[in-house]
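Given next are the chains, with one letter for each unit.
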Amino acid sequence: MADKRSGRWRLARLGVFASGDFAFNLYWQSIMLYLLFYYTEVLHLPIEVAAATYLVASVWDGLISFAVGFIADQRYAARYFRRALIFGAAPLGLSFILAYWPPPGSGMLRLALILTGHLFLRTAYAWVNIPYLTMSARISTLSHERALVAGMRMLAGAAAGVVVATGTRHIGFWLTGDYDARSYSVSASLFALCATLLLIVVGLSYRDDALPPEHQAHTMPALLHAAFRNRAFTTLCGAMMAMTIAVTVLNKSVLYFFKYSVGDQNIGQLTLGSMMTMSAVAVPFWTFCARQIGVRALWLLTTVLCVCALMALLLLQPKGATSVALFLILIQGIIAGLNLAVWAMMPDTVEFGQAISGVRAEATLYGLLALFQRVAIGLGTGLLGFSLGSAGFVSGTHPTSATLTALRMAMILIPCVFFCLAGVIIFYNPLRRDTHDALVLR
C-alpha cells in the first residue's frame, strides 16, 4: 500500500512539473503563431521588416539562453532553479504584455520600441525557461520516466496551444468589442496572469531526484568542448534545427494562407486551434509508440509520414478550405511525434556526454539547444518573409497569383526539404533504444 501511495505521489509530482509547459506555451505559442501576424496585420509593418525584427530577436534569445545555461551550470543547487521560476515568473508576464502593447510614435522610433519590447520578452523567457528545461533532466534519472514527463509536457503545451490559437482574438473581442491592437493586449494580459501563477506553483513544488554526489564547476571552454564531443547532442541539435525551420515556415504560413488565399481569417484561426488540438490528441499515441519502438525510431517514422503528407498536399492540390485544413491538422498531429522525440531524447544526451567526457553540462546543453532552436526559428521566419516579400506580398492588399503561388510553395516545399534533412541527421544519432539505461546502470 505504501509503495502504491509513493508511486501515485511520484506521478503527481511529475505531473505538476510537466504542467509548467502549459504556462510557457501560453507565451511560446503566441510568439510562434501570432506575433509575426500581429506585426504585419495589426501594426502594419512590411513583412520583410517584421521578419527581420523576428530574426534579430530569435538570435538574441538564443544567445541569452546559452548564457543562462552557462550560469545555471555554475549554480548547480536545486534552489537556484526553483528561485528562477518563482521570482522570474512576474517579469516574464510583464514582458509578454509589453510585447503586445501598441507602441507610440512612428517611423524608426516605433520600430525601435517594437524591437526593444520583443528583446525584453525573449530575455525574460530565456531566464526562466532554461532552468525549467534543465530541471527535466533532474526530476528523474530514469529514461522511461523522462519520456513520460516529455509526453505530459507535450500534452500541456498542446493544450496551451489550443487556448492561444482559438482564444487570442476571441477573448480580446469579448472584452473590448473589436479585433484591434487593444484586443491583443487584453488577451496577452490574461495569458500572462495565468502563466505567472502556474510557474510559481511549479517552482514551489519542484524537488530534485537522485543526483551525482558532487558537482564541479567548469569553465566555458571546457563545457563547450564537452558539448561538441557529445555526438548524441550534436546530431540531435542538427536534426532539431532542420525540423524547427520546417515547422516554423509551415505554422506561420497558416494565417496568411487563409486570410489571403482563402479569404477568411476566422477559418485560419479555427484551423490553428484544430491543429493544436490534434497535437494534444496525438501526444499519448506517440508516447506509446516511443515506449514500444524507441525515440530515435519514432523520429524516423514521423519524418517519413510528414514528407508523405506534404507531398500529397502538393500533388493533390485541394481547392477547398476544408480539405487544406484537414491536411494541415493531420500534419500537425505527426509533428507532435517529432516534438516529443526532441524533448524525450534531450535529457538522455546529458548522461551520454558525461560518459564520454566526464563533464555533466546539462544546463549548458539546454542553453545551446535553445540557441540553435531560436536561430532556426529566426531562419524559418526569414525564409517565409523573403519568399513572400520577393513575390510582392503587401499586407492588407489583394494578392497577385504569383504571391499566392509563392505562399503555397513556401508552405509545402520548404518544410518538406527540411523535414528530409532532419531525418538524415537523426539517422546518425547514437542513442538507440536502451542505450541510455545501459549507460546509467554501467
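Just so it is clear, the structure is predicted and the values come from calculations on it, not from any experiment.

Draft legend 1. Examining empty space enclosed by the protein more closely. Under the counting rule described, the total for this entry stands at 3 cavities of 30 Å³ or more. Taken as a whole, the largest cavity encloses approximately 620 Å³ of empty space. Asn25, Trp28, Gln29, Asn339 and Trp343 are the residues nearest the centre of the largest cavity, which is lined by 33 residues in total. Looking at the lining of the largest cavity, the elements with two or more residues in it are helix 2 (20-42), helix 5 (107-135), helix 6 (143-176), helix 9 (231-262), helix 10 (265-293), helix 12 (321-357) and helix 13 (362-390). Ranked by residue count, the leading element in the lining of the largest cavity is helix 2, at 7 residues. Of the residues that constitute the lining of the largest cavity, the class distribution is 19 nonpolar, 11 polar and 3 charged.

Draft legend 2. Quick look at the packing of helix 10 against helix 12. Close contact between helix 10 and helix 12 brings their axes to 7 Å; oriented N to C, the two are set at 35 degrees. Where helix 10 crosses over helix 12, the two elements pack in a sense that is right-handed. Seen from helix 10, the contacting residues are Ile267, Thr271, Ser274, Met275, Met276, Met278, Ser279, Ala282, Trp286 and Thr287; seen from helix 12, they are Ala321, Ala325, Leu328, Ile329, Gln332, Gly333, Ile334, Ala336, Gly337 and Leu340. A breakdown of the residues in the contact of helix 10 with helix 12 according to their chemical character gives 13 nonpolar, 7 polar and no charged.

Draft legend 3. Representation of helix 11 (residues 295-316) within the structure. The end-to-end C-alpha distance of helix 11 is 31 Å, a good match for the 32 Å that 22 residues give at a rise of 1.5 Å each. Every buried residue of helix 11 is listed here: Val295, Arg296, Leu298, Trp299, Thr302, Thr303, Cys306, Val307, Ala309, Leu310, Leu313 and Leu314. For helix 11, the buried positions fall inside an angular range of 165 degrees around the axis, keeping them on one side. Among the exposed residues of helix 11, those pointing more than 90 degrees away from its buried face are Leu315 and Leu316. Buried positions along helix 11 lie against helix 9, helix 10, helix 12 and helix 14 (401-427).

Draft legend 4. Local environment of the packing of aromatic side chains. Applying the stated rule across the entire model yields 16 aromatic pairs. Taking 5.6 Å as the distance between ring centres and 80 degrees as the angle between the ring planes, the aromatic pair formed by phenylalanine 24 and tyrosine 125 counts as edge-to-face. Note that phenylalanine 24 is positioned in helix 2 and tyrosine 125 in helix 5, a separation of 101 residues in sequence. Assigned by exposure class, phenylalanine 24 and tyrosine 125 land together as buried. Their ring planes at 45 degrees and their centres at 5.0 Å tell us that phenylalanine 24 and tyrosine 132 sit as a pair that is tilted. A residue pair is termed long-range when its members are at least 10 positions apart, and phenylalanine 24 in helix 2 and tyrosine 132 in helix 5 qualify at 108 residues. Neither phenylalanine 24 nor tyrosine 132 differs from the other in exposure class; each is buried. Above the face of the tryptophan 343 ring, arginine 153 is positioned so that its terminal group lies 5.2 Å from the ring centre. Here the basic side chain of arginine 296 rests over the ring of phenylalanine 427, its NZ or CZ set 5.4 Å away from the ring centre.

Draft legend 5. Here's a closer look at the side chain of serine 95. Considering the arrangement of structural elements, one finds serine 95 in helix 4 (residues 78-99). Once you skip the residues sitting within four places of it in the chain, serine 95 turns out to touch Phe120, Leu121 and Ala124.

Draft legend 6. Broad picture of the side chain of serine 253. Within the secondary structure, serine 253 is located in helix 9. The exposure class of serine 253 is buried, given its relative accessible area of 0%. If we skip the residues at most four places from it in the chain, serine 253 touches Leu384, Leu407 and Met411.

Draft legend 7. Structural context of the environment of phenylalanine 22. With respect to the helices and strands, the residue phenylalanine 22 is situated in helix 2. The sequence separation of phenylalanine 22 and alanine 160 amounts to 138 residues, and the corresponding C-alpha distance is 5.1 Å.

Draft legend 8. Spotlight on the pattern of salt bridges. Counted by the stated rule, this structure contains 4 salt bridges. The shortest N-O distance in the salt bridge between lysine 259 and glutamate 41 comes to 2.6 Å. On the criterion of sequence distance, the pair formed by lysine 259 in helix 9 and glutamate 41 in helix 2 is long-range, its members being 218 residues apart. Overall, the relative accessible area of 26% leaves lysine 259 in the partly exposed class. Glutamate 41 gets classed as buried once you look at its relative accessible area, which sits at 11%.

Cut-offs used in this document
Residues numbered from 1 in each chain as written. Predicted model: local features only at pLDDT ≥ 70, side-chain atom pairs only at ≥ 80, totals over all residues. Heavy atoms only, no water. 1 Å grid on protein atoms, 1.4 Å probe; cavity = no way out; pocket = protein on both sides within 12 Å on 5 of 7 lines; lining within 4 Å. Points joined across faces, edges and corners; volume = space filled by probe spheres on them. Helix = DSSP H or I, 4+ residues; strand = E, 2+ residues; numbered from the N terminus. Nonpolar A, V, L, I, M, F, W, Y, C, P; charged D, E, K, R; others polar. Axes fitted to C-alpha atoms, helices over the stretch in contact; angles between N-to-C directions. Left-handed = near helix turned anticlockwise from the far one by under 90°. Contact = heavy atoms within 4.5 Å. Expected span 1.5 Å × (residues − 1). Buried < 20%, exposed > 50% of the residue type's maximum accessible area, 1.4 Å probe, protein only. Arc of directions from axis to C-beta. Phe/Tyr/Trp six-rings, centres within 6.5 Å; stacked < 30°, edge-to-face > 60°. Lys NZ or Arg CZ within 6 Å of the ring centre and 35° of its normal. Salt bridge = Lys/Arg side-chain N within 4 Å of Asp/Glu carboxyl O.

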